[in-house]
Amino acid sequence: MTWPWLHSFCEWLKSTAISHTIQDTSWIIPATQTVHILAVALVFSSALMMDLRIIGLIDQRQSIATYLHRFIRPIWSTLPVLFATGVILTIGEPSRELENPAFQLKMVLLLLAVVATSLLRRPAIVGSSRWDDISKPTVAMKIIAFASLGLWTAIIFAGRWIAYANTGSD
Amino acid sequence: MDPVLQWLYDMPFSAAIREDAFLFPFLESIHVLAIALVVGSISIVDFRLLGIASKGRPITELTQVVLPITWAAFAAAAIAGALLFSSNAVKYAHNAFFIAKMALLLLAFANMLVFHAITLRGIHDWDRTKMPPWPVRAAGGLSLLIWAGVVACGRWIGFTINSL
């Protein structure tokens, strides 16, 4: 999906000095992608641990509260790394990202995954006023855990498909 | 070596992966997803060995939960990776970053073997310690570095191979 204003923006971004530096320095894009994938590994694995625990597939010895406490933090602290590396990649190849349907889908899915993750600690979802004394997961928490697993999986697929759905000019 | 690789290249399934517009990116996505889980889950153990996270938990308890996920993901990554390899076997086998990636995988394996055979013997003394002794921390740090290298080499393969 593209619009004239988006296309003009991409053309302008592509003509900036910083974009030229990224385009012309051959190691910047693969190095940035490497950091991006390592950050994806941290976020996806943290989400998986939390989600599997909430669903009840792993580790009944430790409480859900302990799991949320241990694994929500790395998700929030790694997202800025994903964002920063994503911005570098986008500045280097604006049309390849912003005008790409796979990229656009990925951003929508990412927004949903962030919403799902932040809902996990809401009293209304947890069924208690304090998320740290959850004894049993509510149905709402389980639904969010399944949604989170599906969303992060889809985000990784969409991310890989950016390279194949590229119809832009760079 | 090359005749074997060429034979692999000529297999019908290799040709299918090479020629199908959907199959190659699909296998790549599975490969990336599985590697993300391998690296992400092993990092949970590594951060514990380094005394950085999950410090309240005995190491053996943590590994019982995490390592089955790591191994399952590794199996998926290896199967998807082998299929991707077969689609262009000769070129991958001659790619420096592919060779480096395989070498780093061997190194990760060696690090794990040394950890199991030597370091793990004294586990009862430091299983619950928040900050394990230095050989344990070294194994954790080394593992993080090796896996970061595996991911970097993997990504660089895509930029140095002119497939298809």
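Note that residues are indexed from 1 along each chain, following the sequence as it is written. Throughout, the order in which chains and ligands are written sets their labels, letters from A for the former and numbers from 1 for the latter. Only residues with pLDDT of at least 70 get local features here, since the model is predicted, and only at 80 or more are side-chain atom pairs given and counted; chain-wide, interface and lining totals rely on the full set of residues.

*Asks:* Please clarify how the nonpolar core should be interpreted in this entry.
*Replies:* For this entry, the nonpolar core is defined as buried Ala, Val, Leu, Ile, Met, Phe, Trp, Tyr and Cys residues connected by C-beta atoms within 7 Å. In this scheme the burial state of a residue depends on its C-beta neighbours within 10 Å: 20 or more other such atoms mean buried, 12 or fewer mean exposed, and anything in between means partly exposed; the C-beta positions come from the backbone. Membership of the largest hydrophobic core comes to 74 residues, with the highest contact counts inside it found for F44 and I156 of chain A together with A34, A36, L37, V38 and V39 of chain B. Secondary structure elements are defined from DSSP: runs of H or I of at least 4 residues count as helices, runs of E of at least 2 residues count as strands, and each element is numbered from the N terminus. Broken down by secondary-structure element, the contributors of at least two residues to this core are α3 (28-55), α4 (64-92), α6 (101-119) and α8 (139-161) of chain A together with α3 (23-49), α4 (59-87), α6 (96-117) and α8 (134-160) of chain B. In terms of residue count, the dominant contributor to this core is α3 of chain B (15 residues). Contacts are defined on C-beta atoms placed from the backbone: any two residues whose C-beta positions lie within 7 Å are in contact. Those residues in contact with A34 of chain B, other than ones at most four positions away along the chain, are A73, A76, A77 and A80 of chain B.

*Asks:* Teacher, can you tell me more about the confidence of the model for chain B here?
*Replies:* Low-confidence regions, as indicated by low pLDDT, have predicted coordinates that should not be scrutinised in detail. Overall, the predicted model of chain B reaches an average pLDDT of 94, with 98% of residues at or above 70. Confidence estimates for the predicted assembly give a pTM of 0.94 and an ipTM of 0.94. As a per-residue measure, pLDDT reflects the predictor's confidence and takes values from 0 up to 100.

*Asks:* Mind showing me how you'd approach the interface of chain B and chain A here?
*Replies:* By a widely used convention, the size of an interface equals the accessible area lost when the partners come together. Taken together, the contacts link 20 residues of chain B with 20 residues of chain A. Among the elements that make up the side of chain B that touches chain A, the one with the highest residue count is α3 of chain B (12 residues). Tallied by class, residues from the side of chain B that touches chain A come to 13 nonpolar, five polar and two charged. In the scheme used here, Gly and all other residues not listed as nonpolar or charged are polar, with Ala, Val, Leu, Ile, Met, Phe, Trp, Tyr, Cys and Pro taken as nonpolar and Asp, Glu, Lys and Arg as charged.

*Asks:* Even after reading the chapter, I still don't get unusual backbone geometry, so can you show me in this structure?
*Replies:* Residues apart from glycine generally show negative phi values, whereas peptide bonds are mostly found in trans. Of note in the backbone geometry, D59 of chain A takes a positive phi value of approximately 50° without being a glycine. Phi at S54 of chain B is positive, roughly 55°, even though this residue is not glycine. Tracing the sequence through the fold places S54 of chain B in the loop between α3 and α4. Overall, S54 of chain B belongs to the buried group, with 22 C-beta atoms counted inside 10 Å.

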